[in-house]
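Here is how the chains run, residue by residue.
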Amino acid sequence: MTSVGNDSLNTRRTLNVDGTDYDYFSLPAASEGGLGDLSRLPYSLKVLLENLLRHEDGRSVTTDDVKAVAAWLQDQRSDQEIAYRPARVLMQDFTGVPAVVDLAAMREAVVAMGGDPKKINPLSPVDLVIDHSVMVDHAGTADSLAKNIELEFDRNGERYAFLRWGQGAFDNSAWYRQGPASAIRSMWNIWPR
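Source: prediction; values computed, not measured. Per chain, residues are indexed from 1 in the order of the written sequence. With pLDDT at 70 or above as the cut-off, local features in this predicted model cover only qualifying residues; side-chain atom pairs require 80 or more to be listed or tallied, and sums for whole chains, interfaces and linings still use all residues. For side-chain calculations, the full set of non-hydrogen atoms in the structure is used, while hydrogens and water are omitted.

Moving on to the packing of helix H2 (residues 43–55) against helix H3 (residues 63–70). When two helices pack together, their arrangement is given by the angle between the helix axes and the distance between those axes. Where H2 contacts H3, the two axes come as close as 10 Å, and the packing angle between them is 165°. Looking at the two axes, H2 sits roughly antiparallel to H3. For the pair H2 and H3, the sense of crossing is left-handed. Packed against H2, whose contacting residues are Leu-45, Leu-49, Leu-52 and Leu-53, the element H3 presents Asp-65, Val-66 and Val-69 at the interface. When the residues that make up the contact of H2 with H3 are grouped by side-chain class, the tally is 6 nonpolar, no polar and 1 charged. Axes here refer to lines fitted to C-alpha atoms; in helices the fit is confined to the stretch in contact. Angles between the N-to-C directions go from 0 to 180 degrees. Numbering of helices and strands runs from the N terminus, with a helix taken as a DSSP run of H or I at least four residues long and a strand as a DSSP run of E at least two residues long. Each angle receives one of four descriptions, namely roughly parallel if under 35 degrees, roughly antiparallel if over 145, roughly perpendicular if within 65 to 115, and oblique otherwise. By the definition used in this description, the sense in which the near helix is turned from the far one sets the handedness, with an anticlockwise turn below a right angle giving left-handed and a clockwise turn giving right-handed. By definition, residues are in contact when any of their heavy atoms lie within 4.5 Å. Residues are grouped as follows: nonpolar covers Ala, Val, Leu, Ile, Met, Phe, Trp, Tyr, Cys and Pro; charged covers Asp, Glu, Lys and Arg; every other residue, Gly included, is treated as polar.

Pasting the structure below:
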């Protein structure tokens, strides 16, 4: 595993599973290293503390930041800002679609200014979950499913085409040459109907 933080509190440990090593940052080791009894921290603060230990770099996350979370137990409050860095972001389609639009627009603007669009990427891996209900307009006939699917694509085809385009947009360097608008139109034309 690639080393991320400074680990000044010596909390990095290794777990071997079926011959593969995984690094993690141990809260019991942090307790032994001078942070006190962390077992009484709420689970949410334990998650934040482990995240700080993992990302401690002396600049964006310092040892004082780590100690401030541990010190929460004294008064059950803290005025210290927490530099939380999620390892992965999960977005539902109503927030994820605008995020893909924003990234595409930023990349297009960078190209217009003569820059490298590959520099515009999410800092954390993102999973976009499309949780969509299909409306039922037709029922009780042999062709109900086909009619409902046809209406579904008529109503949401552009959105689906855009998401399909966006799925590969940040792995494919060709998309920014044609631009998002023309990519959406061409995806709509090849979308199975």
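Quick look at helix H1 (residues 27–35) now. Type-normalised accessible area, obtained with a 1.4 Å probe on protein chains alone, sets the label of each residue: buried when under 20%, exposed when over 50%, and partly exposed for intermediate values. All of the buried residues along H1 are Leu-27, Ala-29, Ala-30 and Leu-35. On an axial view of H1, the arc spanned by its buried residues comes to 145°, and they lie on one face. Projecting away from the buried face of H1 at angles above 90 degrees are the exposed residues Pro-28 and Glu-32. At its buried positions, H1 is contacted by strand S1 (12–17), strand S2 (20–25), H2 and H3. Positioned one or two residues after H1, Gly-36 has a phi angle of 90°, which is positive. The arc under discussion is defined with respect to the helix axis, by the directions toward the C-beta atoms.

Quick look at the environment of Ser-26 now. Looking at the element boundaries, Ser-26 is found in the loop between S2 and H1. Taking the relative accessible area as the measure of exposure, Ser-26 reaches 9% and is therefore buried. Spatially, the C-alpha atom of Ser-26 lies 6.5 Å from that of Arg-13, the residues being 13 residues apart in sequence. Every residue in contact with Ser-26, bar those within four places of it in the chain, is listed here: Thr-11, Arg-13 and Leu-53.

Turning our eyes to something else, we now look at the nonpolar core. What is meant by a nonpolar core is a set of buried Ala, Val, Leu, Ile, Met, Phe, Trp, Tyr and Cys residues, joined one to another through side-chain atoms within 4.5 Å. Counting residues in hydrophobic clusters, the biggest one holds 18 residues, and the most contacted among them are Leu-35, Leu-38, Leu-41, Leu-45, Leu-49, Leu-53 and Val-66. Secondary-structure elements contributing two or more residues to this core are H1, H2, H3 and helix H4 (72–75). Of the residues forming this core, the biggest block, 5 residues, is contributed by H2. For Leu-38, the residues in contact, after removing those within four places along its chain, are Leu-27, Ala-30, Ser-31, Lys-46, Leu-49 and Ala-70. Core analysis: the second largest hydrophobic core is formed by 7 residues, Val-97, Ala-104, Phe-162 and Leu-163 among them.

With that out of the way, let us pick up the side chain of Glu-56. With respect to the secondary-structure elements, Glu-56 resides in the loop between H2 and H3. Residues counted as positive are Lys and Arg, residues counted as negative are Asp and Glu, and His and the chain ends are not counted. Counted as salt bridges are all cases of a side-chain nitrogen of Lys or Arg within 4 Å of a carboxyl oxygen of Asp or Glu. For the buried Glu-56, which has no salt bridge, the nearest side chain bearing the opposite charge is Arg-12, at an N-O separation of 8.3 Å. A polar atom in the side chain of Glu-56 sits 3.1 Å from the side chain of Thr-63. For the purposes of these results, a polar contact is taken to be a pair of N or O atoms within 3.5 Å, where, inside protein, one atom must be able to donate a hydrogen and its partner to accept one; residues adjacent in sequence count only when each atom of the pair is a side-chain atom.

Attention now moves to the confidence of the model for the protein. Confidence per residue, as judged by the predictor, is encoded in pLDDT with a range of 0 to 100. On average, residues of the protein score 80 in pLDDT, and 83% of them reach the 70 mark or higher. When pLDDT is averaged over each helix and strand of the protein, the minimum, 40, is found for helix H7 (residues 175–178) and the maximum, 94, for S1. When the criterion is pLDDT under 50, residues 172–193 qualifies, and its contacts beyond four places in sequence or with other chains add up to 37 contacts.

Below, the discussion takes up the environment of Arg-13. Of note, Arg-13 is situated in strand S1. Considering only alpha carbons, one finds Arg-13 and Tyr-24, 11 residues apart in sequence, at a separation of 5.4 Å. Apart from residues lying up to four places away in sequence, Arg-13 is in contact with Tyr-22, Asp-23, Tyr-24, Ser-26 and Ala-29. Side-chain polar atoms of Arg-13 contact the backbone oxygen of Asn-10, separated by 3.0 Å.

This paragraph deals with the environment of Ser-39. Mapped onto the elements, Ser-39 comes out in the loop between H1 and H2. Along the backbone, Ser-39 and Pro-28 are 11 residues apart, and their C-alpha atoms lie at a distance of 8.0 Å. Of note is the side chain of Ser-39, whose polar atom sits 2.5 Å from the side chain of Asp-37.

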